[in-house]
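The chain contents come next:
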Amino acid sequence: ASKPLTSTLAGTLVDTISGGPVGGATVTITGRPAATTNADGQWESTGAPLIGIAQNVTAESEGFLTHQTALAWSGADRRDVTLDAIADRAPFSLEFYRQIVRDGYERPMVLQPLRRWTTAPSFYINVTNASTNETMDASEVAMIVQAIRDSVPQMTGGRFEAGPIDTGTEVRTLANSIYVHVVSDATANYCGRAFVGVNPGDITLNYGLTGCGCGRQQKMAPSVVAHEVGHALGFWHVDGVAMMNTGWTLPCASTRFTDQERVHAAVAYARPLGNRDIDIDPSNFTAATAAGPPPVVICRR
Ligand SMILES: [Zn+2]
């Protein structure tokens, strides 16, 4: 059989947050004429087959962030391609997204690539305090477990629940797992620190310090644990009333992230690892293995 002279790529363009169709948008596949979406968001591109490589695709529409992505394509007709673009209006805020996803609040000049989990994280909690050698109270461990369970679905767009949460007394860094350990370091001016969005993950909780617990009864605030889990899932500090504000602007016992945080986390979890500002996906599917040490964020008390 001879090669076909043309082949078709077709599909739909939807709003990342609402899932609704995006009409009147331009979909461009490198090397082919641009296609325009109809009112149902449908588009179709016919041209010479471009086989065996990732095809660069751009979706542009007034009022949306231009999304550049890549498609693997065998060259055969394909009509099931769903593209999405982020509507640049409420509930989305590019300024907030840059803060929480790209560290734009603390380091606006060096916007970070998106880092996130691609599998449900499991957790391992070392219950031995490395500073005092004491074992944490069971009630405190239970609080940490609950804060983890509460946080993971909220900040992954509901894609993931926390996997198994084990406890023990060893230092343990495992693939697909976040290592949670505690110190009591009164000389250090932080409540927690975490690797941001890397696998394996690492969270340090500074346990029993003034300003990191909820009064005298509880030595570690659930909100601090939730905040550190937010970092471990890929998110940075933000301005305003939010769990990810290091000024601890939400109630101490709360593990509920704001609607704004959850919406923007869901957008991030709709994007591949390594996505860059404004909305550029990596051009190949093996990209985004970070070089160098994992990014660490430190959360003052
Ligand atoms: Zn923090």
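See the structure printed just above.
Analysis parameters
- Throughout this document, residue positions are counted from 1 along each chain, in the order its sequence is written.
- It should be noted that, the model being predicted, local features are given only for residues of pLDDT at least 70 and side-chain atom pairs only at 80 or more, the latter also being counted only at that level, while totals for whole chains, interfaces and linings use all residues.
- The basis for every side-chain value is the complete set of non-hydrogen atoms in the structure, without hydrogens or water.
- Any two cysteine sulfur atoms lying within 2.5 Å of each other are counted as a disulfide.
- Only DSSP runs of H or I covering at least 4 residues are called helices, and only runs of E covering at least 2 are called strands; the numbering of each starts at the N terminus.
- Between buried and exposed lies partly exposed: a residue is buried under 20% and exposed over 50% of the maximum accessible area for its type, with that area taken using a 1.4 Å probe on protein chains only.
- In these notes, a set of buried Ala, Val, Leu, Ile, Met, Phe, Trp, Tyr and Cys residues joined through side-chain atoms within 4.5 Å is what counts as a nonpolar core.
- Whether two residues are in contact is decided by their heavy atoms, any of which lying within 4.5 Å being enough.

Caption draft 1: Examining the state of the cysteines more closely. Using the criterion set out here, one finds two disulfides in the structure. At a sulfur-sulfur separation of 2.1 Å, the disulfide partner of cysteine 191 is cysteine 212. Because the sign of the S-S torsion sets the handedness, a value of about -85 degrees for the bond joining cysteine 191 and cysteine 212 places this disulfide among the left-handed ones. Within this pair, whereas cysteine 191 is found in strand β11 (residues 190–195), its partner cysteine 212 is found in the loop between β12 (201–206) and α3 (222–232), the two being separated by 21 residues in sequence. An identical accessibility class is assigned to cysteine 191 and cysteine 212; each is buried.

Caption draft 2: Summary view of the nonpolar core. With 54 residues, the main nonpolar core has Phe123, Ile144, Ile148, Val180, Leu205, Val225 and Phe235 as its most contacted residues. At the level of elements, α1 (94–102), β8 (122–126), α2 (138–154), β10 (177–183), β11, β12, α3 and α4 (259–268) are the ones that each hand at least two residues to this core. With six residues, the top contributor of residues to this core is α2. Residues in contact with isoleucine 144, not counting those within four places in the same chain, are Ile125, Met136, Val180, Leu205 and Val225.

Caption draft 3: Just the side chain of threonine 16, in detail. Relative to the assigned elements, threonine 16 resides in the loop between β1 (7–15) and β2 (26–29). Accessibility expressed as a relative area gives 19% for threonine 16, which makes it buried. With near-sequence residues (within four places) excluded, threonine 16 lies in contact with Asp84, Ala85, Ile86, Ala270 and Arg271.

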